[in-house]
Amino acid sequence: MVLGLAGPARVALILALMLVTALTEGVGLLLLVPVLQALDPGAAGAGGLGDQIPEGLRSLGTLLVLFVGLVIARAVAAGWHHYEAARLTARVIDGLRARALAALLHADWGYLAAMRQTQNRALLITSIDRVWQAVSQGLQAVTLSINLAILAGAAIVLSWKVALGMLAVGAAVLLLYGGLRRSARHLGTRLNESYRGIYT
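Residues numbered from 1 in each chain as written. Predicted model: local features only at pLDDT ≥ 70, side-chain atom pairs only at ≥ 80, totals over all residues. Heavy atoms only, no water.

J.: Looking at this structure, how should I read the pattern of salt bridges?
T.: A side chain with one charge may pair with a side chain of the opposite charge, provided their charged atoms come close. Summed over the entire model, instances satisfying the criterion amount to three salt bridges. With its nearest N and O atoms 3.5 Å apart, the salt bridge here joins Arg 10 to Glu 84. In this pair, Arg 10 sits in helix α2 (residues 8-39) while Glu 84 sits in helix α3 (residues 60-105), placing the two residues 74 residues apart along the sequence. This pair shows no difference in class: Arg 10 is buried, exactly as Glu 84 is. The shortest N-O distance in the salt bridge between Glu 25 and Arg 74 comes to 3.0 Å. On the criterion of sequence distance, the pair formed by Glu 25 in helix α2 and Arg 74 in helix α3 is long-range, its members being 49 residues apart. (Salt bridge = Lys/Arg side-chain N within 4 Å of Asp/Glu carboxyl O. Helix = DSSP H or I, 4+ residues; strand = E, 2+ residues; numbered from the N terminus. Buried < 20%, exposed > 50% of the residue type's maximum accessible area, 1.4 Å probe, protein only.)

What follows is the structure, given as structure tokens:
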């Protein structure tokens, strides 16, 4: 239902903008190495990374132009992504709220009279707002995952030993935060039960 309200084309556009944003950030990170090498031509190459750039693009001016272009492209893609993500979220939430209101208007009046008004308000306001939070957090999680994957790939290209070490440290931190995640999940369950107690 959510995908139908959002529209497959808009979802595909948002995913493409996420990928473009992450790729430009990763390539920009890799491009810093030949830029620094161009500042000091006598420095030793960093794992042959500078040799992978065509000879005609190794001048400092050309590299800086490419780097600035990547920064501009990333800023445009990121801004467009935020705009489209906000439109998608609003489209989904408004669509759900319109469907819920239409269902209430076409429901049996005897059934509606037996319901508490707080239940109707909870359906139109609280529950749908929680869907909005879930959609927003889902989009942020996908964006963060793509960015981390691209940056991890760039870090491995620069220095795979350091990158693997940092990944091991990150995995250890996630394991240490396992108790905090369980506490947060338990708190969310208790909040759900409290909402049900208030609106039912």
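J.: Which parts of the structure should I look at to understand the side chain of Thr 89?
T.: Inspection of the secondary structure puts Thr 89 in helix α3. Not counting residues up to four positions away in its chain, the partners in contact with Thr 89 are Trp 132, Val 135, Ser 136 and Leu 139. (Contact = heavy atoms within 4.5 Å.)

J.: Honestly, the nonpolar core in this entry has me stumped. Any pointers?
T.: Considering soluble globular proteins, one finds that nonpolar side chains tend to be buried as a cluster. In this structure, Ile 14, Met 18, Ala 22, Ala 85, Leu 88, Val 92, Ile 93, Leu 96, Val 135, Leu 139 and Ile 146 together form the largest nonpolar core, which totals eleven residues. Elements with a minimum of two residues in this core: α2, α3 and α5 (117-158). With five residues, α3 is the largest single contributor of residues to this core. Contact partners of Ile 146, with chain neighbours within four places excluded, come to Met 18, Leu 19 and Ala 22. If you look at the next biggest cluster of nonpolar residues, it comprises five residues, including Leu 31, Val 35, Ile 53 and Leu 63. (Core = buried A, V, L, I, M, F, W, Y, C linked by side-chain atoms within 4.5 Å.)

J.: What exactly am I supposed to notice about the packing of α2 against α3 here?
T.: Helix-helix packing: each pair is described by the crossing angle between the helix axes and the interaxial distance. Two elements in contact, α2 and α3, have axes separated by 8 Å at closest approach and are oriented at 160°. The angle between the axes of α2 and α3 places the two elements in the roughly antiparallel class. The crossing of α2 and α3 is left-handed. Of the residues belonging to the contact of α2 with α3, the class tally is 25 nonpolar, four polar and six charged. (Axes fitted to C-alpha atoms, helices over the stretch in contact; angles between N-to-C directions. Parallel < 35°, antiparallel > 145°, perpendicular 65-115°, else oblique. Left-handed = near helix turned anticlockwise from the far one by under 90°. Nonpolar A, V, L, I, M, F, W, Y, C, P; charged D, E, K, R; others polar.)

Note that every value here comes from positions in space, so none of it alone points to a role or purpose.
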